[in-house]
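# Analysis of the macromolecular model
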Amino acid sequence: MDIVHEDLVPDPGLDREEMLACQDRIRERASFQTPRSLIERLSADDLIVAGVDQSFPDDDVVSAIVALAAGEVIDRAVVRQPVQFPYIPGLLSFREAGAALTACTALDVELDLLLVDGNGRLHFREAGLATHLGVVLEQPTVGVAKRLLCGTLVDPPEPPYPTGTRVEIRGGEDTPTARNKLLGVAMQTRQWDHPDRHINPVYVSPGHRISPDHAADVVERCVVDRKLPEPIRAADQLASEAARD
DNA sequence: GCGACAG
DNA sequence: ATCTTGTCGC
């Protein structure tokens, strides 16, 4: 994987206004449609999907990326560098993308798709971490978040949702550029049998070069026995253990 | 001014 | 994200 748009790499040194302008440019370049070539690959049994995730030991950021095909790890990379920007909702890319991009560059295998911890189009300016990475790398990406950042659930059922439930998330007052647009879906990837206590859904959104439906399809396919898709779990695990040494 | 807010 | 033991429920 290579950085295609060096000028769009999020710079932690920019001021807030410049960061917002950068995200506006990302939104303008992002595509939320699935290319014909990817649609064909989505049904292949050797689909190559990677997950990327970050951990923050002390004042460093560790980024780990793990690529899987047919349930097997086929490539991985880990990078560590000083953290350069704080966590600010809506500006996550400026904290995590630098390290994540370096990790992506260190990967040898060519991916069909990259799963990212966080949002894609499900973002105040439709430019979440998954979208930013996708545009800079010109790589199909999907965002998977554990909590809802913005947008409104359309006709949500009463929790707990049964496994397989998908609820549309559309833009509202908090997403001025995407009013009433389909930004992503709340997806129940796993659920307990008894409504005693329940598992929350994950929030899936297209990052770049994929549609909301196909994004959800891929996440569903990558989920094995857990709430989160395997590539992200593997990356999460690798980033955590790499943070200890 | 108040609320809401991925990791 | 990170700091951290026990503990509730299948």
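What counts and what doesn't
- One numbering rule holds for all chains: residues counted from 1, following each sequence as written.
- Each chain gets a letter, beginning with A, and each ligand a number, beginning with 1, in the order they are written.
- Given that this is a predicted model, residues contribute local features only at a pLDDT of at least 70 and side-chain atom pairs are listed and counted only at 80 or more, while totals for whole chains, interfaces and linings are drawn from all residues.
- Processing note: side-chain calculations cover all non-hydrogen atoms of the structure and skip hydrogens and water entirely.
- For patch building, the residue pool is restricted to those with more than 30% relative accessible area and no salt bridge; the joining distance is 9 Å between like charges and 5 Å between nonpolar side chains (Val, Leu, Ile, Met, Phe, Trp, Tyr).
- Each accessible area is a Shrake-Rupley estimate made with a 1.4 Å probe; only the visible protein chains count as cover when residues are assessed.
- In the sections that follow, a salt bridge refers to a side-chain nitrogen of Lys or Arg positioned within 4 Å of a carboxyl oxygen of Asp or Glu.
- By the counting rule applied here, Lys and Arg register as positive and Asp and Glu as negative, while His and the ends of each chain are not counted.
- Every charge is mapped onto a representative atom, which is NZ of Lys, CZ of Arg, CG of Asp or CD of Glu.
- Going along the chain from the N terminus, every DSSP run of H or I of four or more residues is numbered as a helix, and every run of E of two or more is numbered as a strand.
- Residue burial is assigned from relative accessible area. The probe radius is 1.4 Å, only protein chains are included, and a residue is buried under 20% of its type maximum, exposed over 50%, and partly exposed in between.
- Working definition: residue near molecule or strand if any one of its non-hydrogen atoms lies within 4 Å of it.
- In protein, a polar contact means a hydrogen-donor-capable atom and an acceptor-capable atom, both N or O and within 3.5 Å, with residues adjacent in sequence counting only if both atoms are side-chain atoms; elsewhere, any N or O pair within 3.5 Å suffices.
- Here a strand pair is declared whenever DSSP counts at least two bridges between the two strands.
- Charged means Asp, Glu, Lys or Arg here, nonpolar means Ala, Val, Leu, Ile, Met, Phe, Trp, Tyr, Cys or Pro, and polar covers whatever is left, Gly included.
- This arc is taken over the directions from the axis of the helix to the C-beta atoms.
- For this analysis, a nonpolar core means a set of buried residues of the types Ala, Val, Leu, Ile, Met, Phe, Trp, Tyr and Cys, connected via side-chain atoms within 4.5 Å.
- Only heavy atoms matter for contacts: two residues are in contact if any of them lie within 4.5 Å across the pair.

### Some details on a negative patch on the surface
Residues Asp11, Asp15, Glu17 and Glu18 make up a contiguous surface patch of negative charge. By secondary structure assignment, the location of Asp11 is in the segment before helix 1 (16-29). With relative accessibility at 37%, the residue Asp11 sits in the partly exposed group.

### Observations regarding the protein's contact with DNA strand B
Neighbouring DNA strand B are 18 residues; Tyr87, Gly90, Asp117, Asn119 and Lys146 lie closest to it. Backbone sugar and phosphate groups make up 49% of those atoms of DNA strand B lying within 4 Å of the protein. Here a phosphate oxygen of DNA strand B and a side-chain polar atom of Tyr87 are 2.6 Å apart. Between a sugar or linking oxygen of DNA strand B and a side-chain N or O atom of Asp117, the distance comes to 2.8 Å.

### With respect to the pattern of salt bridges
This model, assessed by the stated rule, comprises 13 salt bridges. In this structure, Arg41 engages Asp112 in a salt bridge whose closest nitrogen and oxygen atoms are separated by 2.8 Å. Within this pair, whereas Arg41 is found in helix 2 (residues 36-41), its partner Asp112 is found in the loop between helix 3 (93-106) and strand 4 (113-117), the two being separated by 71 residues in sequence. As a salt-bridge pair, Glu230 and Arg233 come within 3.0 Å of each other at their nearest N and O atoms. Here the residue Glu230 and the residue Arg233 both occupy positions in helix 6 (residues 230-242), the gap between them amounting to 3 residues, near one helical turn. In this structure Arg233 comes out as partly exposed when scored by relative accessible area, which is 34%. Each of Arg41, Asp46 and Asp112 takes part in one network of salt bridges that share partners.

### A look at the pairing of strand 7 (residues 166-170)
Of the two faces of strand 7, the one holding Val167 and Ile169 is buried and the one holding Arg166, Glu168 and Arg170 is not buried anywhere. Pairing of strand 6 (residues 152-153) with strand 7, which is carried by 2 bridges, proceeds in the antiparallel orientation. Across the sheet, residue Thr152 finds its bridge partner in strand 7, namely Arg170. Note: strand 7 against strand 8 (residues 182-187), 5 bridges, orientation antiparallel. Residue pairing across strands places Val167 opposite Ala186, the latter belonging to strand 8.

### Observations regarding the protein's contact with DNA strand C
The environment of DNA strand C is made up of Ser55, Phe56, Lys146, His194, Asp196 and Arg197. When atoms of DNA strand C within 4 Å of the protein are sorted by moiety, sugar and phosphate together comprise 92%. Phe56 has a polar backbone atom sitting 3.2 Å from a phosphate oxygen of DNA strand C. Of the residues belonging to the surface near DNA strand C, the class tally is 1 nonpolar, 2 polar and 3 charged.

### Quick notes on helix 5 (residues 212-222)
Side chains that are three or four residues apart share a direction in an α-helix, a result of its 3.6 residues per turn. Taken residue by residue, helix 5 has Pro212, Ala215, Ala216, Val218, Val219 and Cys222 as its buried positions. Projected onto a plane normal to the axis of helix 5, the buried residues spread over an arc of 160° and lie on a single side.

### Observations regarding the nonpolar core
Among the nonpolar cores identified, the biggest contains 32 residues, and Ile65, Leu107, Leu111, Leu114 and Leu133 are the most heavily contacted of them. Sorting the residues of this core by element identifies strand 1 (48-55), strand 2 (60-69), strand 3 (72-82), helix 3, strand 4 and helix 4 (129-137) as the ones contributing at least two each. With near-sequence residues (within four places) excluded, Leu107 lies in contact with Met1, Ile65, Ala67, Asp75, Arg76 and Ala77. Of all hydrophobic cores here, the second largest spans 21 residues; its members include Leu38, Val49, Leu115 and Val204.

### Describing the side chain of His208
Relative to the assigned elements, His208 resides in strand 9 (residues 202-208). Judged by relative accessible area, which is 2%, His208 ranks as buried. Separated by 3.0 Å, the side chain of His208 and the backbone nitrogen of Ser31 make a polar contact. Ignoring sequence-local partners within four residues, the contact set of His208 consists of Arg29, Ala30, Ser31, Thr131, Gly134, Val135, Glu138, Gln139, Pro140 and Thr141.

### Concerning the pairing of strand 3
Strand direction decides the pairing type here: strand 2 and strand 3, joined by 10 bridges, are antiparallel. Bridging from a neighbouring strand, Ile65 pairs with Ala77 of strand 3. Linking strand 2 to strand 3, which pair antiparallel, is a turn of 2 residues; within it Ala70 sits at a positive phi near 55°.

Function-wise, these values are silent; they only describe arrangement.
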